[in-house]
Amino acid sequence: MVTLRYRLRPRPIRLGRMSDVAELEKLSSKELHDRAIKFAVRHGDVRFLWRLLERIPAAEAASGDLGESEADIKYILPLLDDYIHAGDGKVAEALRPLYVEYLSRRG
């Protein structure tokens, strides 16, 4: 007779050496964005993805694009488009702390 054992607690998620904040800080903002999005999507982390959407207008304002920020606050569809491009340019730079914090906590 074969006995199967099941784990009651899920195994911790490991990102390997990239979970170290110092290592994460070495990545470009685009790399941080891509890794955070990939990780969140793969693990169904809707909470992180929503936090990202909420912060994009402020990141756009911080990067000097006030018009885009105001439009995003009023309309959800631009937010979805911004989600796709949140790893590019000045917006990605403004969102670096969010990506580093998220990836370092998940490692």
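Since the structure is predicted, the reported quantities are computational estimates derived from the model, not experimental observations.

Reading the values: rules and limits
- Residues numbered from 1 in each chain as written.
- Predicted model: local features only at pLDDT ≥ 70, side-chain atom pairs only at ≥ 80, totals over all residues.
- Heavy atoms only, no water.
- pLDDT = per-residue confidence, 0-100.
- Helix = DSSP H or I, 4+ residues; strand = E, 2+ residues; numbered from the N terminus.
- Contact = heavy atoms within 4.5 Å.
- Expected span 1.5 Å × (residues − 1).
- Bend = angle between axes of the 7 residues up to and from the residue.
- Buried < 20%, exposed > 50% of the residue type's maximum accessible area, 1.4 Å probe, protein only.
- Axes fitted to C-alpha atoms, helices over the stretch in contact; angles between N-to-C directions.
- Parallel < 35°, antiparallel > 145°, perpendicular 65-115°, else oblique.
- Nonpolar A, V, L, I, M, F, W, Y, C, P; charged D, E, K, R; others polar.
- Phe/Tyr/Trp six-rings, centres within 6.5 Å; stacked < 30°, edge-to-face > 60°.
- Salt bridge = Lys/Arg side-chain N within 4 Å of Asp/Glu carboxyl O.

**Things to note about the confidence of the model for the protein**
Now for step 1: The predicted model of the protein has a mean per-residue pLDDT of 77, with 68% of residues at 70 or higher.
Now for step 2: At the low end of the mean pLDDT range in the protein sits helix 4 (residues 66-74), at 63; at the high end sits helix 2 (residues 29-42), at 93.
Now for step 3: Confidence over residues 1-13 falls short of pLDDT 50; this stretch has four contacts with residues more than four positions distant or in other chains.

**A short note on helix 6 (residues 89-106)**
Now for step 1: Here helix 6 is 18 residues long and its end C-alpha atoms lie 25 Å apart, about the 26 Å a rise of 1.5 Å per residue gives.
Now for step 2: Maximum bend of helix 6: about 50 degrees, positioned at Leu95, with proline Pro97 one to four residues after it.
Now for step 3: Within the sequence span of helix 6, burial applies to Val91, Ala92, Leu95, Arg96, Leu98, Tyr99, Val100, Tyr102 and Leu103.

**Comments concerning the packing of helix 2 against helix 3 (residues 46-62)**
Now for step 1: Packing of helix 2 against helix 3 leaves a shortest axis separation of 8 Å and a crossing angle of 140 degrees. Between helix 2 and helix 3, the angle is such that the two are oblique. For the pair helix 2 and helix 3, contact is made by Ala36, Ile37, Ala40 and Val41 and by Phe48, Leu49 and Leu52, respectively.
Now for step 2: Residues of the contact of helix 2 with helix 3, tallied by class, amount to seven nonpolar, no polar and no charged.

**Things to note about the environment of Lys90**
Now for step 1: By the secondary structure assignment, Lys90 is in helix 6.
Now for step 2: Taking the C-alpha atoms as reference points, Lys90 and Glu60, 30 residues apart in sequence, are found 7.8 Å from one another.

**Describing the side chain of Ser29**
Now for step 1: Secondary-structure assignment places Ser29 in helix 2.
Now for step 2: Residue class for Ser29 comes out buried when judged on its relative accessible area of 3%.
Now for step 3: When sequence neighbours within four positions are dropped, the list of residues in contact with Ser29 reads Gly87, Ala92, Glu93, Arg96 and Tyr99.

**Brief notes about the packing of aromatic side chains**
Now for step 1: Throughout the structure, instances matching the rule amount to two aromatic pairs.
Now for step 2: With 3.8 Å between their ring centres and 20 degrees between their planes, Phe48 and Tyr102 make a pair best called stacked. Separated by 54 residues along the polypeptide, Phe48 in helix 3 and Tyr102 in helix 6 bring together distant segments of the chain. Here Phe48 and Tyr102 have matching classes, each one buried.

**Topic: the pattern of salt bridges**
Should their charged atoms come close, side chains of opposite charge can pair.
Now for step 1: For the structure shown, the criterion picks out seven salt bridges.
Now for step 2: In this structure, the salt-bridge partner of Glu23 is Lys26, at a minimum N-O distance of 3.3 Å.
Now for step 3: You can call Lys26 exposed: its relative accessible area is 63%.
Now for step 4: With its nearest N and O atoms 3.5 Å apart, the salt bridge here joins Lys30 to Asp34. Within this pair, Lys30 and its partner Asp34 are both found in helix 2, separated by four residues, close to a single helical turn.

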